[in-house]
Amino acid sequence: METTLLQPDLIRETNADFLPLEGTDYVEFYVGNAKQAAHYYKTAFGFQSLAYAGPETGVKDKASYVIRQNKLTFVLTTPVKANNEIADHIYKHGDGVKVIALKVDDATSAWEETTKRGAKSYITPKTLRDDSGEIVMSGIHIYGDTVHVFIERKNYNGVFMPCYREWKSDYNPAETGLLYVDHCVGNVGWNQMNPWVKFYEEVMGFRNILTFDDKDISTEYSALMSKVMSNGNGFVKFPINEPAEGKKKSQVEEYLEFYDGEGVQHVAIATNNIIETVTELQKRGVEFLKIPASYYAEVLDRVGHIDEDLKPLSELGILIDRDDEGYLLQIFSKPVEDRPTLFFEIIQRKGAKSFGKGNFKALFEAIEREQAERGNL
Ligand code: FE2
């Protein structure tokens, strides 16, 4: 069993960072109906209306709704006609993450540094201007049809970006305590984890901070392998999963089949109070994986003392894990579309910098119960 945890801040001192990242700027989803998706994320997750672009703002072929909660920004985009890249993406993958946008100080340099190291260009650097200033954006392809877009917004003070107008709504459900993207996980194909680890190392200057092999992450039936990639300052973390041989089909294989390729498996969102956040999300209809009662009978023996009462954690199905630096609380939603593809994780870190290895077995058994109900195990 190989599990290693290196500190990103230590790594930074020994390597000049050729791709300084200030964090996740936004996550853009291609969806079948952006108007309804925006309503769902506002109602169920407590996002606030921020900006809109579409035919009314001079964008002819698509409509995009931008919603925000603290530092977490989602863009929900839908095509308004057939026969274009967005429509084709939805036809093939269903609703899913297209863009993980990264905030940079210099989007031109980010594009040059990554493309010269082998990244395939998605958007050559371009400047968008309006009365509020300018944004420089560029982009590169990553796994599947997913892309990174680099956003330089230091000379912009508008609501989101040129071409967008402020979206003021009379319907504003309260926030639920979601703060920012903690990490964003990609599922890649058989034997593709290491090539993508190499991509993040060589093209993006990331480091592998944590490795889980199939002995860490396996149940009686299915297995996966995972490596966590982090940028220099640790603001941006991308675990990469690939399936491993098990007796039956693993959750990563199920994803690859229904997404019809590689893509984002889950977006983990941070909160400072997971009990309050998840209580509210459940009240609003967000569905989470159910955890067996036996998990809570043993968990404190494994993780030791925690500040929270166990009762609300067990009622909500929140998982607990500990590493050398502290502990973390996490919970996983069911897939948020009919295909068993994208889901969300809600995470509260209390010192721990890891990803919940101790929970994998309980969690995957819960996922497998869901898979079995879909007939995919
Ligand atoms: Fe996660």
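Rules of the game
- Residues numbered from 1 in each chain as written.
- Predicted model: local features only at pLDDT ≥ 70, side-chain atom pairs only at ≥ 80, totals over all residues.
- Heavy atoms only, no water.
- Donors = N, O, S within 2.8 Å, 3.2 Å for Na, K, Ca; no water.
- Helix = DSSP H or I, 4+ residues; strand = E, 2+ residues; numbered from the N terminus.
- Buried < 20%, exposed > 50% of the residue type's maximum accessible area, 1.4 Å probe, protein only.
- Pairing = 2+ DSSP bridges.
- Domains from an automatic or database assignment.
- Contact = heavy atoms within 4.5 Å.
- Buried area = accessible area lost by both parts, 1.4 Å probe.
- Salt bridge = Lys/Arg side-chain N within 4 Å of Asp/Glu carboxyl O.
- Polar contact = N/O pair within 3.5 Å; in protein donor to acceptor, adjacent residues only side chain to side chain.
- Axes fitted to C-alpha atoms, helices over the stretch in contact; angles between N-to-C directions.

1. Concerning the coordination of the iron ion
Phase 1: Note on the iron ion: its protein donors are His183 (NE2), His266 (NE2) and Glu345 (OE). The metal-donor distances range over 2.0 to 2.2 Å.
Phase 2: Donor residues binding the iron ion come from one chain and are separated in sequence as H-x82-H-x78-E. In this pair, histidine 183 is assigned in strand β10 (residues 178-187) and glutamate 345 in strand β17 (residues 343-350), connecting sequence segments 162 residues apart. Comparing histidine 183 with glutamate 345, the two get one shared label, buried.

2. Some points on the pairing of strand β7 (residues 133-141)
Phase 1: Strand direction decides the pairing type here: strand β6 (residues 121-130) and β7, joined by seven bridges, are antiparallel. Bridging across to β7, lysine 126 finds its partner in methionine 137.
Phase 2: Relative to strand β8 (residues 147-152), β7 is paired through six bridges, and the arrangement is antiparallel. By the bridge assignment for β8, valine 136 is matched with glutamate 152.
Phase 3: Linking β7 back to β8 in an antiparallel pair, the connection comprises five residues, with glycine 144 at a positive phi of about 60 degrees.

3. Quick notes on the domain arrangement of the chain
Phase 1: We note that the domain assignment places domain 1 (24-166) and domain 2 (176-374) within the chain.
Phase 2: Between domain 1 and domain 2, the C-alpha centre-to-centre distance is 25 Å.
Phase 3: Taken together, the contact pairs 40 residues of domain 1 with 36 residues of domain 2.
Phase 4: With both chains or domains summed, domain 1 and domain 2 bury close to 2,900 Å², and 65% of this area falls on carbon and sulfur atoms.
Phase 5: Among the residues domain 1 hides against domain 2, the three largest losses belong to Phe45, His93 and Tyr143. Together they make up 24% of the total.
Phase 6: At the junction of domain 1 with domain 2, the criterion picks out one salt bridge.
Phase 7: Close ionic contact of aspartate 260 with lysine 92 constitutes a salt bridge, the shortest N to O distance being 3.3 Å.
Phase 8: Our count for the domain 1 to domain 2 interface comes out at 15 residue pairs in polar contact (both at pLDDT 80 or more).
Phase 9: Listing elements by their share of the side of domain 1 that touches domain 2, those giving two or more residues are β1 (23-30), α2 (34-45), β4 (72-79), α3 (85-93), β5 (96-103), α4 (107-115) and β7.
Phase 10: Looking at the side of domain 1 that touches domain 2 element by element, the count peaks at six residues for α2.

4. Considerations on the sheet that holds strand β15 (residues 319-323)
Phase 1: Spatial strand order, β11-β12-β13-β10-β14-β17-β16-β15: eight strands in an open sheet with mixed pairing. Each having just a single partner strand, β11 (207-212) and β15 make up the two edges of the open sheet. Strand-to-strand, the axes of this sheet are offset by a mean angle of 25 degrees, without reference to chain direction.
Phase 2: With seven bridges connecting them, β10 and strand β14 (residues 263-271) associate as antiparallel partners. Along β14, the bridge assignment pairs valine 185 with histidine 266.

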